[in-house]
Amino acid sequence: MSQTTATDTGNVAAPRAMKHYLNHDKTIWSWLSTVDHKRIGLMYGVTLAIMFLIGGTLALLVRIELLTKGPTIMEADTYNQVFTMHGIVMVFLFLVPSIPAVLGNFALPMHLGAADVAFPRLNLASYYVYLAGGALVLCGLIVGNVDTGWTFYTPYSSQGDGSVLFLTSAVFVAGFASIFTGINFIVTIHKMRAPGLTWDRLSLFTWSMYAVSIVQVLATPVVGITMVLLFFERFLGIGIFDPALGGDPILYQHFFWFYSHPAVYIMILPAFGVVSELIAPFVRQPINGYKFVALSSVAIAFLGFLVWGHHMFVSGQSAVSSIVFSLITYLIGIPTGVKVCNWVVTMYKGSIWLQTPFLYALSFLFLFTIGGLTGIMLGVLAIDIHLHDTYFVVSHFHYVMMGGTVIAAIGALHYWWPKMTGKMFSETWGKVSCLLVFLGFNLTFLPQFVLGSRGMPRRYAQYVAEFQELHQMSSYGAFLLGFGLFVALGVFIHSMMAGKKAPPNPWGGATLEWQCTSPPPYYNFLEPPTVNDPYNYKPLVYRDGDRGWEYVHPEAPEVPQSEPEPAQS
Amino acid sequence: MEDKGTLWLPVDASTMAGEIDSLFYFTYYVSIAIFVAVIVAMVYFVIKYRRKHANERTERVHESKILELTWIVVPTILCMVVFTWGFQSFLRMSIAPPGAYEITVRAAKWNWEFEYNNGFVVGGNLHVPADRPVRLVMSSADVLHSLFVPAFRVKHDVIPNRYTSVWFEATKAGEYDLFCTEYCGTDHSGMLAKVVVMPQDEFNEWVDSRGGMSDDMPLPELGELLYQQRGCLGCHSLDGSEMVGPTFQGLYGSQRNFGDGTTAEADDNYLRDSIVNPGSRIVEGYQNQMPAIYGTLSERELSGLIAYIKAQQ
């Protein structure tokens, strides 16, 4: 049966494809109460786009303020609140959910050949819990006065009025959304794989989602507990972190980074998975060293739990702990380097198709390599003493979080856009926006490395005169970056209004979602998908006109559909 | 011409700086080499293997175990080199040589206060002798702060419930920036000072004379010196501009409106009370931000400060 599906000209011709997940029921209630993973992914997508806009606007306000050394458009108090909200919105409401909640929800079940995630209602609950967290942040914004930085370091955060508690409870609540998604994905990957989809045939996107889900489930409760302890201290007067009550502020830092360092991997691991998917089809080569790339995600997830202390080299923790944390930090660099090398070598003897999603993957490789190498520099104990809490750190984590995660996410949005909406976008303008974002990003953050290593501390509303030129370069870069992102938004809006109809497989991808129609039907697969090596491009042939890529002569042996796969566990 | 340091690092003015700079530039150049290798390979492949026509076939590349091992082993060795180097320097930075000259540092929002071994307390700038190891023993009166001197490449958090310390040996006389690098609230970016490095004999003279203070100074001059030394200038302007605290310009004799609705005239007793008990009456529109650390000023010093404020009309 699947033989016929594969040799057929594809699913697109089926008349049933007229009804798909976007139009099978058009009422607003059908969206708000949907348990379809694709619709939940889209709802998350729209919400996160709004969060990104809010966080980005705050970032631009920060950059405008820093155009001159004195007050430019705001007083120090306002500035402190603006950078605090920028951090909280971007980290907890955008980066942590970003790729798993939007693209993972949309694509992961299809990568597994499944009709949905294992717990569709839990999936919807995760979205509403996330919204509740977002609402609490909004309350905090309206009440104002939160100027602790996104780290909420004690004892500063235990002083002042109680408005900071809106934000800590938002972090607590939004954490549950993250845990729900994590549990859902773990069970889905274990239990919902199509027959024949063994662990060594999983896409690398699936592998990274698996690794990140484990981190989400294990690490997120710690930040929840920390926020509860802050409440206990405030309302019950139990001295945990505040020295005035007999607590220890460094204990707070341990708790906070025990979550927030793994959270860095919650943010970057999905990007690693996405990049593998963005490279392979456009190179027509399987990812070099599949096993190394897959297992390095798991290794990073595991080691990510053991390095939180590298945020505290100058905090007063013991020198011995600092040395151990520094050592383990390098161990994370190794699997990360393995990934980058494998991605680059994948291009060797490939057939490289320079489409927008692939350009974003190249942009990711450039920016993330800088982010990773500067991370190694910061891991060197004696150098970190000088660079700690300066703009060097600010630039480093923006290269990882924005140059890595955000760039990969935008690239992946272009990649899956035809599948999500059934529409193609303008390649030319897609490439233009990719270039603008790349140039704007580097102009923003390269000067910040120099600022930092020359001694400019972070979180400064005003600064000494010698730093002004570099700050201005950085601000102009930020304007260019913002402009580039609006061009990308324009590309998507134009595609929705006037995009050409997308074929089922516009890029020549071999993972299973490309066997669905574009957009997919409600339960994804009209026919059971042909399970194959996710990176075997031999049977795919490009057809002229708007038909995209189609299977012609599958070479891999068929897996009998009647026999359940014994390797599942 | 003033020494601006290299492109990446500011002027180096301590014995440790050279060692840290070599380590910085070593990791920097190794990183650049790795980065260039990755990008050159990437760009070369993109150009060389660019798709000529849509249905181009590709040969499946045989995966090389040796290549895979290379990029595991080589970075591991490089990492171990910089780790070992980094932690040895770190140990030297952590342990002050015996006999280092000790200065007590107290941080409070948003002031640095330095106390020398003859009981001389001074805010504002930190004065240290050149060519002698100096150890700072630091504590905080309120929240976390962090003392950072870029030219010395030293930094350490200053914490409310325990002492922390840094040490350095300055090599060049001059003035260097001292920043607070742990976020500490409203005026975090105003918590600045200079480190003034002086030759040993000049430094001794400076400490012995308590920064040029003498018993027969006229009160307003004493007040001006204290205004600078004790960090008043960080929050109280002389030209009427708004800072964290009310300006001193025209303060004496003016009507003060307090947050609780009461009023008073700013006379000598009000000023004295505001210095010694800063939290007792807060002027409308301001926060209770002034640290209560000025109760130890002598009677003459208080009179001096009041005389100086009086003179700011």
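Just so you know, these numbers come straight off a predicted model, no measurement behind them. (Residues numbered from 1 in each chain as written. Chains lettered and ligands numbered in written order. Predicted model: local features only at pLDDT ≥ 70, side-chain atom pairs only at ≥ 80, totals over all residues. Heavy atoms only, no water.)

## Considering the overall build of chain B
Formally: Numbered from the N terminus, helices here are DSSP runs of H or I no shorter than four residues, and strands are runs of E no shorter than two. Relative accessibility under 20% of the residue-type maximum defines a buried residue, over 50% an exposed one, and the middle range a partly exposed one, all with a 1.4 Å probe and only protein chains included. Working rule for contacts: check all heavy atoms of both residues, and any pair within 4.5 Å makes them a contact. Charge counting follows a simple rule: Lys and Arg are positive, Asp and Glu are negative, and His as well as the terminal groups are ignored. Working definition for charges: the position is that of NZ of Lys, CZ of Arg, CG of Asp or CD of Glu.
Across its full length, chain B holds six helices and 12 strands. For chain B, with 313 residues in total, the buried portion stands at 50%. Contacts in chain B between residues far apart in sequence, at least 24 positions, make up 61% of those at least 6 positions apart. Distance between charge centres in chain B, computed from 25 positive and 38 negative side chains, equals 14 Å.

## Here's the deal with the sheet that holds strand 5 (residues 133–140) of chain B
Residues and elements named next belong to chain B. Applicable threshold: By the convention used here, strands pair only if DSSP detects at least 2 bridges between them. Inter-axis angles, ranging from 0 to 180 degrees, are taken between N-to-C directions of lines fitted to C-alpha atoms, where helices are fitted over the stretch in contact.
Taking strand neighbours across the sheet as the criterion, the five strands line up as 3-2-1-5-8 in an open arrangement whose pairing is mixed. Every other strand in the sheet has two partners, leaving strand 3 (121–123) and strand 8 (164–169) as the edge strands with one partner each. Each strand of the sheet is rotated relative to its neighbour by a mean of 25°, with strand direction disregarded. For strand 1 (residues 101–108) and strand 2 (residues 111–115), the ladder comprises five bridges, and the chain directions are antiparallel. Of the residues in strand 2, the one forming a bridge with alanine 108 is asparagine 111.

## Description of empty space enclosed by the protein
Space left empty within the atom packing is revealed by a probe, the size of a water molecule, rolled over the atoms. Test applied: Using a 1 Å grid laid over the protein atoms alone, points where a 1.4 Å probe fits but cannot get out form a cavity; open sets with protein on both sides within 12 Å along at least 5 of 7 lines form a pocket; any residue with an atom within 4 Å of a point counts as lining. Grid points are joined across faces, edges and corners, and a volume is the space filled by probe spheres set on the points. Residues were grouped as follows: Ala, Val, Leu, Ile, Met, Phe, Trp, Tyr, Cys and Pro as nonpolar; Asp, Glu, Lys and Arg as charged; and all remaining residues, including Gly, as polar.
Per the counting criterion, the structure on display carries seven cavities of 30 Å³ or more. Roughly 560 Å³ of internal volume is contained in the largest cavity. Lining the largest cavity are 32 residues, and of these His236, Pro246, Ser274, Pro278 and Met290 of chain B sit closest to its centre. Put simply, the parts of the chain that give the lining of the largest cavity at least two residues each are helix 5 (268–276) and helix 6 (299–310) of chain B. With four residues, the single largest contributor to the lining of the largest cavity is helix 5 of chain B. Class assignment of the residues belonging to the lining of the largest cavity gives a composition of 20 nonpolar, eight polar and four charged. What the second largest cavity holds in volume is close to 170 Å³. Together, 17 residues line the second largest cavity, and Phe92, Val96, Pro97, Ala174 and Ser178 of chain A are the ones closest to its centre. Mapped by element, the contributors of at least two residues to the lining of the second largest cavity are helix 5 (98–111), helix 7 (164–191) and helix 8 (204–236) of chain A.

## Quick notes on the pairing of strand 4 (residues 126–129) of chain B
All names here are of chain B. Of the two faces of strand 4, the one lined by Leu126 and Val128 and the one lined by His127 and Pro129 are each fully buried. For strand 4 and strand 10 (residues 193–198), the ladder comprises four bridges, and the chain directions are parallel. Residue pairing for strand 10: proline 129 is matched across the bridge by methionine 198.

## What to know about helix 14 (residues 391–421) of chain A
Operational definition: Bend is the name given here to the angle between axes fitted to two runs of seven residues, the run ending at a residue and the run starting at it.
Largest kink in helix 14 of chain A: about 45°, centred on tyrosine 415 of chain A, with the proline proline 418 of chain A one to four residues after it. A large share of helix 14 of chain A lies buried, amounting to 28 of its 31 residues.

## Observations regarding the interface of chain A and chain B
As a reminder, the rule being used: Here the quantity called buried area is the total loss of accessible area, with a 1.4 Å probe, experienced by two parts when brought into contact, counted for both. We define a salt bridge as a contact between a side-chain nitrogen of Lys or Arg and a carboxyl oxygen of Asp or Glu at a distance within 4 Å.
Between chain A and chain B, the contact holds 93 residues from the first and 76 residues from the second. Its largest share of buried area at the contact with chain B, chain A owes to His386, Arg454 and Tyr460 of chain A, together 9% of the area lost on that side. The salt bridge involving aspartate 248 of chain A is made with arginine 162 of chain B; its shortest N-O contact spans 2.8 Å. Of the residues forming the side of chain A that touches chain B, the biggest block, 13 residues, is contributed by helix 11 (residues 319–346) of chain A. Its residues assigned to classes, the side of chain A that touches chain B shows 57 nonpolar, 24 polar and 12 charged.

## A look at the packing of aromatic side chains
Geometrically, a pair of aromatic rings is defined through the distance of the ring centres and the angle of the planes. Rules: Classification of ring pairs rests on two measures: the distance between centres of Phe, Tyr or Trp rings, Trp counted by its six-membered ring, which must be within 6.5 Å, and the angle between planes, read as stacked under 30 degrees, edge-to-face over 60 and tilted in between. Only when the NZ atom of a Lys or the CZ atom of an Arg is both within 6 Å of the ring centre and within 35 degrees of the ring normal do we say a charge sits over the ring.
All chains considered together, the criterion is met by 78 aromatic pairs over all chains. Measuring from ring centre to ring centre gives 5.8 Å for phenylalanine 272 of chain A and tryptophan 343 of chain A, while their planes differ by 55°; the resulting arrangement is tilted. You can see phenylalanine 272 of chain A sitting in helix 9 (residues 249–283) and its partner tryptophan 343 of chain A sitting in helix 11, a full 71 residues away along the chain. Chaining the aromatic ring pairs together yields one cluster made of Phe205, Phe282, Trp353, Phe358, Tyr415, Trp416, Phe425, Trp507, Trp514, Tyr542 and Trp549 of chain A. Cation over ring: arginine 39 of chain A sits above tryptophan 31 of chain A, and NZ or CZ is 4.1 Å from the ring centre. Residue placement shows lysine 155 of chain B over the ring face of phenylalanine 148 of chain B; its charged tip is 3.8 Å from the ring centre.

## Overview of a nonpolar patch on the surface
Residues and elements named next belong to chain A. Note the cut-off: Residues forming no salt bridge and having over 30% relative accessible area are the ones grouped into patches, like charges within 9 Å of each other and nonpolar side chains (Val, Leu, Ile, Met, Phe, Trp, Tyr) within 5 Å. Only the protein chains shown count as cover for residues, with accessible areas throughout obtained via the Shrake-Rupley method and a probe of 1.4 Å.
Together, Leu53, Phe486, Leu489, Ile493, Met496 and Met497 give the surface a local cluster of nonpolar side chains, amounting to about 640 Å² of exposed area. With respect to the helices and strands, methionine 497 occurs in helix 16 (residues 468–498). For methionine 497, a relative accessible area of 71% corresponds to the exposed category.

## Brief notes about the pattern of salt bridges
Residue and element names in this part refer to chain B. According to the stated counting rule, one finds 17 salt bridges over all chains in the structure shown. For the salt bridge of arginine 92 with glutamate 19, the shortest nitrogen-to-oxygen distance reads 2.5 Å. With arginine 92 in helix 2 (residues 65–94) and glutamate 19 in helix 1 (residues 17–48), the pair connects residues that are 73 residues apart, well separated along the chain. For arginine 92, a relative accessible area of 42% gives the class partly exposed. The partner of arginine 106 in a salt bridge is glutamate 115, with the nearest N and O atoms 2.8 Å apart. Relative accessible area serves as the criterion here: at 24%, glutamate 115 is assigned to the partly exposed category. Residues joined by salt bridges that share partners form a network here, namely Arg106, Glu113, Glu115 and Arg230.

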